[in-house]
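Observations on the model geometry
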Amino acid sequence: MRDCRRAASVALAMLALASGCSSGDRQGPPGGETPSPLRSGSLVDLASGTQERLQAIDAGDGVVLWASGIGGTVVRSVDGGASWRLLPVEGAAELELRDIEAFGAERAFALAAGPGEQSRILATADGGATWIERWRNPEPEAFYDCFDFWRDGRGIAFSDSVGNRLLLAVTRDGVTWHAGPFGPPALDGEGGFAASGTCLITGDAGRAWIGTGAAGVARVLATEDYGTSWAVFETPISAGGEAAGILSLARDDAGGLYAFGGDIADAESRGGRVACSGDGGRSWTPTKGEPGFAGAIYAGAARGGGEGAELLAVGPGGAGYSPDAGATWIGIDQRSWWSVAWTPMGDAILAGPEGRLARWRPERG
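Described below are features of the structure shown in this document. (Residues numbered from 1 in each chain as written. Predicted model: local features only at pLDDT ≥ 70, side-chain atom pairs only at ≥ 80, totals over all residues. Heavy atoms only, no water.)

For the structure shown, the criterion picks out 13 aromatic pairs. Their ring planes at 70° and their centres at 5.5 Å tell us that Phe-147 and Phe-149 sit as a pair that is edge-to-face. Of the residues examined, Phe-149 reaches a relative accessible area of 7% and is grouped as buried. For Arg-273, the ring lying beneath its charged end belongs to Phe-293, and the centroid distance is 5.6 Å. For the cation-ring pair, Arg-303 lies above Trp-342, with the distance from its terminal atom to the ring centre recorded as 5.6 Å. (Phe/Tyr/Trp six-rings, centres within 6.5 Å; stacked < 30°, edge-to-face > 60°. Buried < 20%, exposed > 50% of the residue type's maximum accessible area, 1.4 Å probe, protein only. Lys NZ or Arg CZ within 6 Å of the ring centre and 35° of its normal.)

Next comes the structure, spelled out in structure tokens:
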């Protein structure tokens, strides 16, 4: 699959550049920050009302914001992040809510990640006042990492492999979920990472992408029919150990795809952490630059498109911003972060340890 003829390689490179996928073959400084036309922006801390680690963000319409984390924690803002309300989830104090997907101010779903029955899907229809358990993982060896929904209400959740099979839980209405194996055989140990709830993303017309790791190669699984069939594509994201691979996927407004990850076990690593695809995930190339902070990237976010696509990347080592599809980066914070999401207004919300939330607003020329 990697033995491409030169003509095919040139065609893919041209397609990548047209989509804004800044190829790693245009050499710049290895890792680290590179000069950027944009050197400023503002990062403002927000008062979340909790000290628990927050791992997932749903930025919604930019006015209604949701975040979730360990200790069964959910917080919500209905004023663009100016104030937040803690929404206790009854009976979930021992659960780690590592992903949250919302539909406005009243409806939301939270994914509890963990082995066996610790993996659950909870739902609220009254703004978090009450929560209903919609599904509990029946497979003792499964561990669900992330989930997402399409606009028509269909949903999909992804688990680490059990034996040589990858597992999905799917729904047509958010109420009834069915779980089982899917797609091609799993690589030895293959699975996802429940770092930020972004190892799985959905697109239009039944499309979805899953990023994997913990195996010999980091792969992207792609579907165009709501998960009925899947194709598998290799990426250049660092792999080869049980703690390495793709931790996060993002899609910009023009359809460009980005994979973020690295080796969680290597806090000093600086390479093989960002890759892009301009053809729906079929082929991947490293971006020219990478964030200046060291260690794995736990979450990435993308907006805009083409060579001006704006990327954000966060991890325990800090946070970085690229105004040019990953070609150059600037550092925006040195604290630990676990998740990030753009709002429709062009700013972003970051979430992390100790209940930390912040808003990043780049200054655009």
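Tallied over the full model, the rule gives one disulfide. Residue pairing for Cys-146: its cysteine sulfur links by disulfide to Cys-199, the two sulfurs lying 1.9 Å apart. Handedness here is read from the sign of the S-S torsion; for Cys-146 and Cys-199, about -80°, the answer is left-handed. You can see Cys-146 sitting in strand S10 (residues 144-149) and its partner Cys-199 sitting in the loop between strand S13 (177-182) and strand S14 (200-202), a full 53 residues away along the chain. For the pair shown, Cys-146 and Cys-199 are each scored as buried. (Disulfide = S-S within 2.5 Å. Helix = DSSP H or I, 4+ residues; strand = E, 2+ residues; numbered from the N terminus.)

Right, let's get into the side chain of Thr-328. Tracing the backbone through its elements, the reader meets Thr-328 in the loop between strand S24 (318-322) and strand S25 (330-333). For Thr-328, the side chain forms a polar contact with the side chain of Asp-324, separated by 2.6 Å. (Polar contact = N/O pair within 3.5 Å; in protein donor to acceptor, adjacent residues only side chain to side chain.)

What follows covers unusual backbone geometry. Although it is not a glycine, Ala-205 sits at a positive phi angle of roughly 55°. Tracing the chain through its elements places Ala-205 in the loop between S14 and strand S15 (208-211). Overall, Ala-205 belongs to the exposed group, its relative accessible area being 55%. One non-glycine residue, Tyr-226, lies in positive phi territory at about 60°. Mapping Tyr-226 onto the fold places it in the loop between strand S16 (219-223) and strand S17 (231-234). A residue is classified by how much of its surface remains accessible, and Tyr-226, at 28% relative accessible area, is partly exposed.

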